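Now for the letters of each chain:
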Amino acid sequence: MDHENKRKKKLSEDDYVNGVLEGNRTILAQTITLIESNSSAHMNSAQNVLTRLLPHSGRSIRIGITGVPGAGKSSLIESFGTYLCEQGHKVAVLTIDPSSTITKGSILGDKTRMDSLSKNPNAFIRPSASGGSLGGIARKTRESMLVCEAAGYDVILIETVGVGQSEVQVRSMVDFFLLVMLTGAGDELQGIKKGIMELADSIVINKADGQNKLKAKAAKAEFNRILHLLQPSTPGWSSKAYTASALLGEGIEEIWNEINAFKNLTTESGYFSLRRQKQMIDWMYNMVFEQLKLSFMNHESVKLNLKSIESSIVNGELTATSAANYLLSIFESNRKEPL
């Protein structure tokens, strides 16, 4: 009974901060839940906690991982994460899925797919909550990442579950971006945009085992030819393709060596810190734009006039530009309404 009361006890901001800094995984999970809350009261507390944790964050390598469906991202992450834990690292895995607003949380299967890693005391796995609040999943994942770093996790793996815009979002919050592919390069290129390949700092052809081994080598050569023609995602770095087998654990160490070489090169050139600084500034502006959008759509006078303005556009009485200017003038005419 005492244990249950203790569990249900409302945590103070001090409790959150101290628990995270002590590496308490239960309080770490509760802190991320606080961050994910859409309640305005919780958001204020969350930002206070984050501000206090911020000086303790940033001491990790942030790795984004994406890939075509069926490429075995989760298996590779489990194998990679287990290897890192064995090397003495603390690994946090965060998933980002813009489609979760539709699927209503199917991403929660990630913990099941990474069963072995989730039981490792040096690993922490957290699926992202659905969007819909200010900044959506991108904000929640970024802030969860900072909390995990403050808790002592020195390797952050951010996995994209959805496809499309999520790759761009993840690229904007990580240091190193890894694209996971399957064998049969020619066929696979049909299902992935050139733009996503241009985001990658490295490509790994997974499932390079058994009968797939020769095909994987051919795919590696093909991807390397393509990467040679593309503009590198990171100045001064040449993106390369590798083969790996999550099943056998082969190629995992090579991936880590590649990431370390990347960090050393970009740290020496100054681009590592420069990219992070730019990401923080971009994040601030994105949050400003999100806040303005939310304030505009919730503005009472705008809401009252929106339907009639839409009708005027449809009926050819107003151009889209004139309508937009009119709505903005309504929005700006009453600055007393809170932003």
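Residues numbered from 1 in each chain as written. Predicted model: local features only at pLDDT ≥ 70, side-chain atom pairs only at ≥ 80, totals over all residues. Heavy atoms only, no water.

The chain has the name ATPase/protein kinase in an unreviewed UniProt entry, where Gottfriedia luciferensis is given as its organism.

### Some thoughts on the overall build of the chain
On a plain count of helices and strands, the chain comes out with 17 helices and seven strands. Here the chain holds 339 residues, and the buried ones make up 46% of them. Partitioning the intrachain contacts of the chain with sequence separation of at least 6 by distance along the chain shows that 76% fall at a separation of at least 24. Carbon together with sulfur atoms contributes 54% to the accessible area of the chain, which is approximately 17,400 Å² in total. (Helix = DSSP H or I, 4+ residues; strand = E, 2+ residues; numbered from the N terminus. Buried < 20%, exposed > 50% of the residue type's maximum accessible area, 1.4 Å probe, protein only. Contact = heavy atoms within 4.5 Å. Areas by Shrake-Rupley, 256 points an atom, 1.4 Å probe, with all protein chains shown as cover.)

### Quick word on the pattern of salt bridges
Applying the stated rule across the entire model yields eleven salt bridges. Two residues, R171 and D201, come together in a salt bridge whose shortest N-O distance is 2.8 Å. Here R171, found in helix 10 (residues 165-171), pairs with D201, found in the loop between helix 12 (194-199) and strand 6 (202-205); they are 30 residues apart in sequence, far enough to count as distant. Like R171, the residue D201 is buried in the burial classification. (Salt bridge = Lys/Arg side-chain N within 4 Å of Asp/Glu carboxyl O.)

### Quick look at the packing of aromatic side chains
The description of an aromatic ring pair rests on the distance of the ring centres and on the angle between the ring planes. Evaluated as defined, the whole model comprises six aromatic pairs. Considering the side-chain rings of F124 and Y153, the 6.2 Å spacing of their centres and the 45 degrees angle between planes classify their relative orientation as tilted. Residue F124 is found in strand 3 (residues 123-127), and its partner Y153 is found in the loop between helix 9 (136-150) and strand 4 (155-160); the two are separated by 29 residues along the sequence. Y153 matches F124 in its accessibility class, with the two residues each being buried. Each ring, one from F296 and one from F331, has its centre 5.5 Å from the other, and the planes form 65 degrees; the classification is edge-to-face. Of this pair, F296 sits in helix 15 (residues 271-298) while F331 sits in helix 17 (residues 320-333), placing them 35 residues apart in sequence. The same class applies to F296 and to F331, which are both buried. Between K90 and the ring centre of Y153, over which it is positioned, the NZ or CZ distance is 4.5 Å. (Phe/Tyr/Trp six-rings, centres within 6.5 Å; stacked < 30°, edge-to-face > 60°. Lys NZ or Arg CZ within 6 Å of the ring centre and 35° of its normal.)

### Focus on the sheet that holds strand 2 (residues 91-96)
As summarised here, the arrangement of the seven strands in space is 3-2-4-1-5-6-7, forming an open sheet in which the pairing is parallel. Of all the strands in the sheet, the pair left with one neighbour each is strand 3 and strand 7 (240-243). On average, each strand axis in the sheet is tilted by 20 degrees relative to the strand beside it, whichever way the strands run. Direction of pairing for strand 2 relative to strand 3: parallel, over a ladder of five bridges. Along strand 3, the bridge assignment pairs V93 with I125. Along the sheet face, helix 13 (residues 212-229) touches strand 5 (176-181), strand 6 and strand 7 and points at about 170 degrees away from the line of strand 7. (Pairing = 2+ DSSP bridges. Axes fitted to C-alpha atoms, helices over the stretch in contact; angles between N-to-C directions.)

### Notes on the pairing of strand 3
Burial within strand 3 is extensive, with five of its five residues counted as buried. Taking every second residue as pointing to the same face, both faces of strand 3 are buried, with A123, I125 and P127 on one and F124 and R126 on the other.

### Topic: the environment of T82
Relative to the helices and strands, T82 is located in helix 5 (residues 73-86). In this structure the C-alpha to C-alpha distance between T82 and L117, which are 35 residues apart in sequence, comes to 6.1 Å.

### A closer look at helix 14 (residues 252-269)
For helix 14, built from 18 residues, the straight-helix expectation of 26 Å at 1.5 Å per residue is met to within 8% by its first-to-last C-alpha distance of 26 Å. Among the residues of helix 14, I252, I255, W256, E258, I259, F262 and T266 are the ones counted as buried. Projection of helix 14 onto a plane perpendicular to its axis shows the buried side chains occupying an angular sector of 155 degrees, all on one side. Residues of helix 14 that are exposed and angled more than 90 degrees away from the buried face: N264 and E268. Positive phi shows up at G270, right after helix 14, with a value of about 90 degrees. (Expected span 1.5 Å × (residues − 1). Arc of directions from axis to C-beta.)

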